[in-house]
Amino acid sequence: MMQSTIVNVTERTTDWNSVNWKSANRVVRRLRQRIFKATKDGDLTRVRNLQKLLMRSYSNIVLSVRRVTQLNSGKKTAGVDKLLVLTPTARGTLVDILTKFIPWKPLPVKRVYIRKSNAKQRPLSIPCIIDRCLQAIVKNALEPYWEALFERTSYGFRPGRGVHDAIERVHSMSKGNSTKSWVVDADIEGCFDNIAHKPLLETIGNFPARKLIQQWLKAGYVDKGVFHDTETGVPQGGIISPLLANIALHGMESALGIRYNKDGQTLGNRGIVRYADDLVVFCKTQEDANRAVDELSCFLKTRGLALSKAKTTIVHLTVGFNFLGFNIRWYQDKNTKTGWKVLIKPSKQSLQDVRNNIRQVWLENKSNNVNYLIGKLNPIIRGVANYYRTVVSSHIFSKLDRWMFVRGKRYAKTMHPNKSTSWHNYRYWGRLNLDRNDYWVFGDKQTGQYLLKFSWFNIRRHTMVKGDASPDDPALREYWDLRNNRKSHSLIPSYQKLAQKQGYKCSVCGESLFNDEPLQKHHKIPRSKGGKDSYANLELMHYYCHQQLHSVGQKSEGEVFVLNCQESIPLVGRESEGEVSSLW
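Residues numbered from 1 in each chain as written. Predicted model: local features only at pLDDT ≥ 70, side-chain atom pairs only at ≥ 80, totals over all residues. Heavy atoms only, no water.

## Observations regarding the sheet that holds strand β11 (residues 321-323)
Whether parallel or antiparallel, the strands of a sheet pair through hydrogen bonds between backbone atoms. Taking strand neighbours across the sheet as the criterion, the 3 strands line up as β11-β12-β13 in an open arrangement whose pairing is antiparallel. Looking at the sheet topology across the chains shown, the edges are occupied by β11 and β13 (340-346). If you compare each strand with its neighbour and ignore which way they point, the axes differ by 30 degrees on average. With 3 bridges connecting them, β11 and strand β12 (residues 326-332) associate as antiparallel partners. Its bridge partner being in β12, Asn 322 is matched across the sheet by Asn 327. (Pairing = 2+ DSSP bridges. Helix = DSSP H or I, 4+ residues; strand = E, 2+ residues; numbered from the N terminus. Axes fitted to C-alpha atoms, helices over the stretch in contact; angles between N-to-C directions.)

## A word on the domain arrangement of the protein chain
Domain annotation for the protein chain reports domain 1 (1-147), domain 2 (150-196 + 232-342), domain 3 (348-456) and domain 4 (476-553). The distance between the C-alpha centroids of domain 2 and domain 4 comes to 37 Å. (Domains from an automatic or database assignment.)

## Digging into the nonpolar core
Core analysis: the largest hydrophobic core is formed by 92 residues, its most contacted members being Ile 213 and Leu 244. Broken down by element, this core gets its largest block of residues, 11 residues, from helix α5 (residues 129-147). In this structure, Ile 358, Leu 432, Val 465 and Tyr 479 belong to the second largest nonpolar core, which totals 58 residues. (Core = buried A, V, L, I, M, F, W, Y, C linked by side-chain atoms within 4.5 Å. Buried < 20%, exposed > 50% of the residue type's maximum accessible area, 1.4 Å probe, protein only.)

## Things to note about the sheet that holds strand β9 (residues 278-283)
Strand order in the open sheet formed by 4 strands is β8-β9-β3-β10, and the pairing between neighbours is antiparallel. Only two strands of the sheet have a single partner each, and these edge strands are β8 (270-275) and β10 (313-316). Strand-to-strand twist of the sheet, defined as the mean angle between neighbouring strand axes without regard to direction, takes the value 20 degrees. Sheet topology note: the β8/β9 ladder contains 6 bridges and is antiparallel.

## Notes on the UniProt feature "domain: C2H2-type" (unreviewed entry) in the protein chain
Residues annotated by UniProt as "domain: C2H2-type" (unreviewed entry) correspond here to residues 504-533. Span residues 504-533 is 0% helix and 17% strand, its end C-alpha atoms 20 Å apart. (UniProt positions renumbered as here; feature names shortened; annotations may be inferred.)

## A short note on the pattern of salt bridges
One pass over the structure, following the stated rule, counts 15 salt bridges. For Glu 231, the salt bridge identified is with Lys 218, shortest N-O distance 4.0 Å. Of this pair, Glu 231 sits in the loop between β5 (226-228) and α10 (241-249) while Lys 218 sits in helix α9 (residues 210-218); the two residues are 13 residues apart in sequence, bridging distant segments of the chain. When its relative accessible area of 55% is taken as the criterion, Glu 231 is described as exposed. Through salt bridges that share partners, Arg 270, Asp 288, Arg 291 and Glu 295 make up one connected network. (Salt bridge = Lys/Arg side-chain N within 4 Å of Asp/Glu carboxyl O.)

## A short note on the environment of Ile 102
Of note, Ile 102 is situated in the loop between α4 (88-99) and β1 (109-115). For the pair Ile 102 and Asp 81, spaced 21 residues apart in the sequence, the C-alpha separation amounts to 18 Å.

## A closer look at a positive patch on the surface
Together, Arg 329, Lys 348, Lys 399 and Arg 402 make up a region of like positive charge exposed at the surface. By secondary structure assignment, the location of Arg 402 is in helix α15 (residues 394-415). (Patch = residues over 30% accessible without salt bridge, like charges linked within 9 Å, V, L, I, M, F, W, Y side chains within 5 Å. Areas by Shrake-Rupley, 256 points an atom, 1.4 Å probe, with all protein chains shown as cover. Lys, Arg positive; Asp, Glu negative; His and termini not counted. Charge placed at Lys NZ, Arg CZ, Asp CG, Glu CD.)

## Thoughts on α5
Compared with an ideal rise of 1.5 Å per residue, which puts 19 residues at 27 Å, α5 spans 26 Å between its outermost C-alpha atoms and is within 8% of the ideal. Its maximal kink placed at Lys 139, α5 deviates by approximately 30 degrees. Judged by how many residues are buried, α5 sits mostly within the fold: 19 of 19 residues are covered. (Expected span 1.5 Å × (residues − 1). Bend = angle between axes of the 7 residues up to and from the residue.)

## Section: the packing of aromatic side chains
Using the criterion set out here, one finds 23 aromatic pairs in the structure. Where Phe 405 meets Trp 429, the ring centres are 5.3 Å apart and the plane angle is 55 degrees; that geometry is what we call tilted. Taken together, the residues span a long stretch of sequence, with Phe 405 in helix α15 and Trp 429 in strand β14 (residues 429-430) at a distance of 24 residues. Judged by its relative accessible area of 5%, Trp 429 is buried. (Phe/Tyr/Trp six-rings, centres within 6.5 Å; stacked < 30°, edge-to-face > 60°.)

## Observations regarding a nonpolar patch on the surface
Taken together, Phe 405, Val 406, Tyr 439 and Trp 440 make up a surface patch of nonpolar side chains, about 400 Å² in accessible area. As for its position among the elements, Trp 440 is in the loop between β14 and β15 (441-442).

## Let's talk about the environment of Phe 192
Turning to its location among the elements, Phe 192 is positioned in helix α7 (residues 191-194). Sequence separation of Phe 192 and Pro 235 is 43 residues, and the distance between their C-alpha atoms is 6.8 Å. The residues contacting Phe 192, other than those within four sequence positions of it, are Gly 233, Val 234, Gln 236, Ser 241, Pro 242 and Ala 245. (Contact = heavy atoms within 4.5 Å.)

## Some words on unusual backbone geometry
Even without glycine at this site, Lys 224 takes up a positive phi of about 55 degrees. Within the secondary structure layout, Lys 224 lies in the loop between β4 (221-223) and β5. One non-glycine residue with positive phi stands out, namely Leu 324, at about 60 degrees.

As structure tokens, this is what we get:
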């Protein structure tokens, strides 16, 4: 076989298009839940045995390969070995390599830079495909243990938690009757780049793949062909890096003296909300806020970190602060007992970034077909609206719609410079959305495609995740199913009906439709055989599950494992004495 000339695999046994995803997901979910429960019970011996079992699990391997080679946005970006895995045949071969458990020396990561909103460059580190898969395997074993230990006010890069949970937590702690009116808006300077390795590894403790994690941290990086050692930091861009950062920052509540009663309510004079390396601390007095900054500095120093003096500020809620793209501030209100109420709105800077991004799309497509333009703009509008619809955004949405109307006028004038304004209006505007009595909808009357409006997205409050709840807790299965089902509100109405009809589950993999994978409609009876676009003949499924469904029984020809590779580089057997690591 062609694969045997490239990797040390003599026989391929994995048919990627025949993988039973329902079984794989069930096995991994069950093992994660057992690790979580054993951690809560304090049975560390059982925890370690289950972690070893999960890292050797075939189900964990195939799910990790799926995540790395299909779901991750960087699946088409190669590491220093210049290898990509983009076909079903190649993915099956990669699974077979990983099931051999051959000792592996981590390769250096490739350093690339992306532009930040402040015009600076953010360094990203791209591991090779094998290291990415191994990191996904290890993360599945390490994460449920820490999910049982993590603080309830930590929301970043954790399963089942997100930005909106953090914002709801901020809202609950900054209400008008709150006594904690002074806020430490803290910024950790170069968090990912400066985490000290020794205390991080000590915190990870006796984890079965601890040595492999250490080698990932010490693997170094290649920048413009030059190798550099890494004495500190976790590489931004690695699958396991966000989890390692959360582990390094764990313990911040204890350092600040924050405690909870049996109902989960905060005791004492302080409160904290942390999203990865972004955090805010609520205090009762300005003096206590200054002490909190000193205590945070001492805590971070033990991790090799420090607060940014330029970006760490202490403000009163009447002045307000920005957090995760939102502005939180007290406003005067005579109808409340305290005379104040908290309003959370999109921040001015984040709105400017939204306008800049949308303006760029308008300009790049000013000479393209209107349907193509709408196809580019609608996903952006839907994403922005869903992100900000949980706060006070109605007025801002209306302003954005007026701004978009002006952009539409400019587009029409550019496309038809010799036509009158009334001709432009008749050509591009009308009641294209039949569900709304709005005659000023921008679109194409011939195809019926139209541009979404921000104001069509009603304000819908987000329900914050309760306490320290985790999807790995087997006792909360129904709770998490209900939370996932609520995400259907972000879909278009026809998709919402389909999702509800099938119980919000993908029929191929059996998982929730809302696990961040793209969705597609599937015709049970193909249109080529007379199938109709009726609800009875349609179902929703994940994009890659849909691909697999149509690939069963089909064999691809000419698929290759090594793509964009100038030299044939062995994928395994890169060991050098004293530096080879093994998962077990």
